[in-house]
Structures are given as structure tokens and as C-alpha cells.
Amino acid sequence: SNSRDGLSENGGNFQLDHLHITDAVGNQLNSLLGRIDGGTAGTNGMNDVNGMAAGAAAGNAAASGGSRRRIGAAVAIYAASFAGKVPYVWGGDTPAGWDCSGFTMYVFAKFGVSLPHSSRLQGAYGVQVPQSQARPGDLMVEAGGGHVGIYLGDGLMVHAASPQQGTVISPTNWARFTYYRMM
């Protein structure tokens, strides 16, 4: 078992705070905090994420681009920690079960961003950014507003997909999305 930046490797799979994930996703999450701010940002795994969430929720996050990238990465890592653990429940908005907008509402609330429980309305609470400038932690809204998720970077997203799949990490290329920076 190897440990890298708050992730541990065990038999080719990575774990983040007891989350069992694949190599590809593990490598992506492993690099989120370590590669931002020019690679100077250290990480202590979920402790770092929880500290940034508390600071952002309290309004203490610095307004610099580097701090926003770190908070965005923390949003992505926190959101990904629910993959494979939480079922899809229409109208739900807690880790006992949620729909797509309930999931994003719950995650962003931890970071001090209050969103409505509506996939069509959530984008209005952020600033639209081109896909080419999307960063981990950005809100993704499907064309037409029928679905939302959180961008993880490198063409991956985490979302409450369906009653059959629950909360999952998947590629973003299955639909057209608009990206919104929430912090």
C-alpha cells in the first residue's frame, strides 16, 4: 500500500477517506490539490478539504485565483467522496439519498454556496465559463437544464445519475454541458 497526497493505493485501486475508486479516477483526484497553484499547494487529504470548506463557508477564503482553485479542487474531492456510496432518490438532498440538484446543493452548501433544489436554476448562481476554462469544482448544467453535476477535471464529472446508478463518476462526453464557476 502506497500513500500519495492523502490518497492510499492498495492493489492498483486508490482510496480517499475509505472511498474505493479506480486508478484513473484515483490519479485524477490525487493530483487535484497537488497540481494547482503551480504545484506548490500541499495537501493533507480530507483534512485539507474540510478546512477549506469551513473557511469558505465562513466567508474567510481569500479572493485570489489560487485560493479559488484550491477551494474548487476541494469541492471536487469532497463531491467525489460520495461516489458509489449514495443512492439516487428523487427529491432527496442528503447523503441518505439525493437527486442531481439535491447532490450539488448539498456539496456546495458545505462551502457556503446556497443553491435552489432545481437543476434549471442552479447555474444562475454562478458565472458561466467556457468549457476550455472549466476547473475542478465547477458546476455543470446539461443543455436544457435537465441535469447537473460537478466537474472533476480531465473530462470527468461526479453526479447523482439515476436510480440504477446512484452517485457516480463518469466521463462528461455523454451530453452537452454549460460550466459555471460557483466561487
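Scope of this entry: the structure provided in the associated data block.

Description of the overall build of the protein chain
When its secondary structure is counted, the protein chain shows 5 helices and 12 strands. Among the 183 residues that make up the protein chain, the fraction classed as buried is 50%. As displayed, the protein chain offers around 8,300 Å² of accessible surface, 48% of which is attributable to carbon and sulfur atoms.

Some words on the pairing of strand 11 (residues 166-171)
Each regular strand shows side chains that alternate between the opposite faces of the sheet. Across 6 bridges, strand 10 (residues 156-162) lies against strand 11 in antiparallel orientation. Opposite L156, over in strand 11, you have P171 as the bridge partner. Remark: 3 residues form the turn of the hairpin made by strand 10 and strand 11, two consecutive strands paired antiparallel.

Quick word on the pairing of strand 12 (residues 177-181)
The buried fraction of strand 12 amounts to 4 of the 5 residues, a majority that puts the element mostly inside the structure. With 3 bridges connecting them, strand 7 (residues 127-129) and strand 12 associate as antiparallel partners. Residue pairing across strands places Q128 opposite Y180, the latter belonging to strand 12. The pairing of strand 8 (residues 139-142) with strand 12 spans 4 bridges and is classified as antiparallel. By the bridge assignment, L139 is partnered in strand 12 with Y180.

Section: the environment of F111
On the secondary structure map, F111 appears in the loop between helix 4 (100-110) and helix 5 (119-122). Using a relative accessible area of 2% as the deciding quantity, one classes F111 as buried. Remark: the alpha-carbon pair of F111 and M182, spanning 71 residues in sequence, is separated by 9.8 Å.

Looking at the packing of aromatic side chains
Scanning the entire structure with this criterion turns up 9 aromatic pairs. Considering the side-chain rings of F82 and Y106, the 5.9 Å spacing of their centres and the 85 degrees angle between planes classify their relative orientation as edge-to-face. Of this pair, F82 sits in the loop between helix 3 (65-80) and strand 5 (93-94) while Y106 sits in helix 4, and the two are 24 residues apart along the sequence. When its relative accessible area of 11% is taken as the criterion, F82 is described as buried. The class of Y106 is partly exposed, set by a relative accessible area of 29%. Here the aromatic cluster, defined as three or more aromatic residues joined through ring pairs, consists of Y78, F82, W98, F103, Y106 and F111.

As for the environment of G91
Its place among the elements puts G91 in the loop between helix 3 and strand 5. Residue classification places G91 among the partly exposed residues on the basis of a relative accessible area of 40%. Taking the C-alpha atoms as reference points, G91 and S101, separated by 10 residues in sequence, lie 8.6 Å from one another. Ignoring sequence-local partners within four residues, the contact set of G91 consists of D99 and H117.

Overview of the sheet that holds strand 10
Read across the sheet, 6 strands follow the order 7-12-8-9-10-11 without closing on themselves; strand pairing throughout is antiparallel. Looking at which strands have only one partner, the edges of the open sheet turn out to be strand 7 and strand 11. For this sheet the average axis-to-axis angle between neighbouring strands, irrespective of direction, equals 40 degrees. Across the sheet, helix 4 lies against strand 8, strand 9 (148-153), strand 10 and strand 11, angled at about 55 degrees from strand 9, the strand it touches most.

The rules behind each value
- Residues numbered from 1 in each chain as written.
- Predicted model: local features only at pLDDT ≥ 70, side-chain atom pairs only at ≥ 80, totals over all residues.
- Heavy atoms only, no water.
- Helix = DSSP H or I, 4+ residues; strand = E, 2+ residues; numbered from the N terminus.
- Buried < 20%, exposed > 50% of the residue type's maximum accessible area, 1.4 Å probe, protein only.
- Areas by Shrake-Rupley, 256 points an atom, 1.4 Å probe, with all protein chains shown as cover.
- Pairing = 2+ DSSP bridges.
- Phe/Tyr/Trp six-rings, centres within 6.5 Å; stacked < 30°, edge-to-face > 60°.
- Contact = heavy atoms within 4.5 Å.
- Axes fitted to C-alpha atoms, helices over the stretch in contact; angles between N-to-C directions.

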